[in-house]
Amino acid sequence: MTMDVICRCAFGIDTDLQNNPNNIYFKKVEEFFTLMTEEPINDEMQDSSKANYRLTREEIINNILMFMAAGYETTSTALAYATYELARHPEVLQKLQTEIDQLPLSNSDKSDEETKEYPDYDVVALMPYMDMFVSEVLRMYPIANGAVQRSASEDTIIQGIKIEKGTLVYADVYSVHYDRDLWGPEDPIFGPTTNRVSE
């Protein structure tokens, strides 16, 4: 399902891999990843000026890899945590369902089938509770927080701690996301929990 999401959002392609694992697009993606490891990349350019700059084959491959790999993993993880919290909190699920049921997806017979199946951004923007729900899930279960890092460009001291040049510094995402001064003693959407980092 997450591959379907990435293909639709990143490339505008409806793959429907859940129902059709033999989809030609998926087959081509498999071939692409196989070729990527075998075929040498030729990126020679006659004119390297900014006005005539084009993405090299390697840059295109890296961007596609980022969409497919990083997007797939983060989307599937976020959906898993969202499903977990909905299973734990049926009252939240009911609020979300009520909000979805009130969307103007089929107010008239003139609505085409694709609009009913894939509401556009303007319709999705009418879902404030869904937005809060997703934001809360990502707060409680931050995705790829280990990727948030910086390298010290010079020796420095921060709050009495010496950080040498070249040291990788990671943000303490969990402490911020579970700080009671910021979020209160209860999780904003789900209420009291027993899985707080600070407890």
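Scoring rules and cut-offs
- Each residue is numbered by its place in its chain's sequence as written, counting from 1.
- This being a predicted model, a pLDDT of at least 70 is required before a residue's local features are given, and a value of 80 or more before pairs of side-chain atoms are given or counted; all residues contribute to the totals for chains, interfaces and linings.
- Think of the side-chain values as coming from all heavy atoms in the structure, minus any hydrogens and water.
- In DSSP terms, a helix is any run of H or I states spanning at least four residues, a strand is any run of E spanning at least two, and both are numbered starting from the N terminus.
- Each residue's exposure class comes from its accessible area (1.4 Å probe, protein chains only) as a fraction of the maximum for that residue type: buried when under 20%, exposed when over 50%, partly exposed otherwise.
- Contacts are residue-level and defined by heavy atoms, with any inter-residue pair within 4.5 Å sufficient.
- Reported accessibility uses the Shrake-Rupley method at a 1.4 Å probe radius. Residues are deemed covered only where the shown protein chains occlude them.
- A fitted line through C-alpha atoms serves as each axis, taken over the contacting stretch for helices, and the angle formed by two N-to-C directions is quoted from 0 to 180°.
- Throughout, the term roughly parallel applies to angles under 35 degrees, roughly antiparallel to angles over 145, roughly perpendicular to angles from 65 to 115, and oblique to all others.
- By definition, turning the near helix anticlockwise from the far helix through less than a right angle yields a left-handed crossing, and turning it clockwise yields a right-handed one.
- Each residue gets one of three labels, nonpolar for Ala, Val, Leu, Ile, Met, Phe, Trp, Tyr, Cys and Pro, charged for Asp, Glu, Lys and Arg, and polar for the others, Gly among them.
- Take the residue count of a helix, subtract one, and multiply by 1.5 Å to get its expected span.
- In this context, the arc is that of the directions from the helix axis out to the C-beta atoms.
- The rule for a salt bridge is simple: a side-chain nitrogen of Lys or Arg has to be within 4 Å of a carboxyl oxygen of Asp or Glu.
- Like-charged residues within 9 Å of one another, or nonpolar side chains (Val, Leu, Ile, Met, Phe, Trp, Tyr) within 5 Å, are grouped into patches, provided each residue has over 30% relative accessible area and no salt bridge.
- Distance and chemistry together define a polar contact, namely a pair of N or O atoms within 3.5 Å, with one atom able to donate a hydrogen and the other to accept it when in protein, and with adjacent residues in sequence counting only for side-chain atoms on both sides.
- Side-chain atoms within 4.5 Å are what join buried Ala, Val, Leu, Ile, Met, Phe, Trp, Tyr and Cys residues into a set we call a nonpolar core.
- Note on aromatic pairs: the rings of Phe, Tyr and Trp (six-membered ring only in Trp) are paired at centre separations within 6.5 Å, and the planes decide the class, stacked below 30 degrees, edge-to-face beyond 60, tilted for the rest.
- Should the NZ of a Lys or the CZ of an Arg lie within 6 Å of a ring centre and within 35 degrees of the ring normal, that charge is described as sitting over the ring.

An unreviewed UniProt entry lists the protein under the name Cytochrome P450, with Rotaria sordida as the source organism.

> Before we move on, can you summarise the overall build of the protein with the specific residues and values?
Tallying secondary structure elements over the protein gives nine helices and four strands in all. Going residue by residue from the N terminus, the α and β elements of the protein occur as α-α-α-α-α-α-α-β-β-β-β-α-α. Residues classed as buried in the protein amount to 23% of the 199 residues present. Considering only residue pairs separated by 6 or more positions, the protein has 50% of its internal contacts joining residues 24 or more positions apart. As displayed, the protein has an accessible area near 14,300 Å², and 55% of this comes from carbon and sulfur atoms.

> So what about the packing of helix H4 (residues 90–101) against helix H7 (residues 128–140)? Which residues, and what values?
H7 packs onto H4 with a crossing angle of 140° between their chain directions and a minimal axis gap of 9 Å. As judged from the angle between their axes, H4 and H7 are oblique. The handedness of the crossing between H4 and H7 comes out as left-handed. Residues Val92, Lys95, Leu96, Glu99 and Ile100 of H4 lie in contact with H7, whose contacting residues are Pro128, Tyr129, Met130 and Phe133. Here the residues of the contact of H4 with H7 are counted per class, giving seven nonpolar, no polar and two charged.

> Quick rundown of H4? Include the residues and the values.
The end-to-end C-alpha distance of H4 is 16 Å, a good match for the 16 Å that twelve residues give at a rise of 1.5 Å each. Turning to H4, its buried residues number three or more, namely Val92, Leu96 and Glu99. Angularly, the buried residues of H4 cover 60° about the axis, an arc narrow enough to put them on a single face. In this structure, H4 carries Pro90 and Asp101 as exposed residues pointing more than 90 degrees from its buried face.

> Just give me the short version of the pattern of salt bridges, but keep the residues and values in it.
Evaluation of the coordinates by the stated rule reveals three salt bridges. The partner of Arg8 in a salt bridge is Asp14, and the shortest N-O contact between them spans 2.7 Å. The exposure class of Arg8 is partly exposed, given its relative accessible area of 29%. For Glu85, the salt bridge identified is with Arg88, shortest N-O distance 3.1 Å. Of the two residues, Glu85 and Arg88 both sit in helix H3 (residues 57–88), three residues apart, roughly one turn of that helix. Look at Glu85 and you get buried, because its relative accessible area is 0%.

> Which residues make up a nonpolar patch on the surface, and what values go with them?
A cluster of nonpolar residues, Val176, Leu182 and Trp183, forms a patch on the protein surface that exposes about 290 Å² of accessible area. With respect to the element layout, Val176 can be found in helix H8 (residues 173–177). Val176 sits in the partly exposed class, given a relative accessible area of 45%.

> Describe the side chain of Glu85, naming the residues involved and giving the relevant values.
Looking at Glu85, its side chain comes within polar contact range of the side chain of Arg88, at 3.1 Å. The contact partners of Glu85, leaving out residues within four places of it in the chain, are Met140, Tyr141 and Phe190.

> For the nonpolar core, give the residues involved together with the corresponding values.
A general feature of soluble globular proteins is that nonpolar side chains tend to end up buried together. Core analysis: the biggest nonpolar cluster contains twelve residues, these being Ala82, Leu86, Val92, Leu96, Tyr129, Phe133, Val137, Met140, Tyr141, Tyr178, Ile189 and Phe190. Put simply, the parts of the chain that give this core at least two residues each are H3, H4 and H7. The element best represented in this core is H7, accounting for four residues. Once residues within four sequence positions are removed from consideration, Ala82 is found in contact with Phe133 and Val137. Among the nonpolar cores identified, the runner-up in size contains five residues, and Met3, Ile6, Cys7 and Leu17 belong to it.

> Now, about the packing of aromatic side chains: what can you tell me, with residues and values included?
Using the criterion set out here, one finds one aromatic pair in the structure. With a centroid separation of 4.1 Å and an interplanar angle of 5°, the aromatic rings of Tyr81 and Tyr141 are classed as stacked. Of the two residues, Tyr81 is situated in helix H3 and Tyr141 in the loop between H7 and strand S1 (149–151); the sequence distance between them amounts to 60 residues. For Tyr81, a relative accessible area of 33% puts it in the partly exposed group. The buried category is assigned to Tyr141, whose relative accessible area is 10%. The lysine or arginine in question, Arg139, covers the ring of Tyr178, its NZ or CZ lying 5.3 Å from the ring centre.

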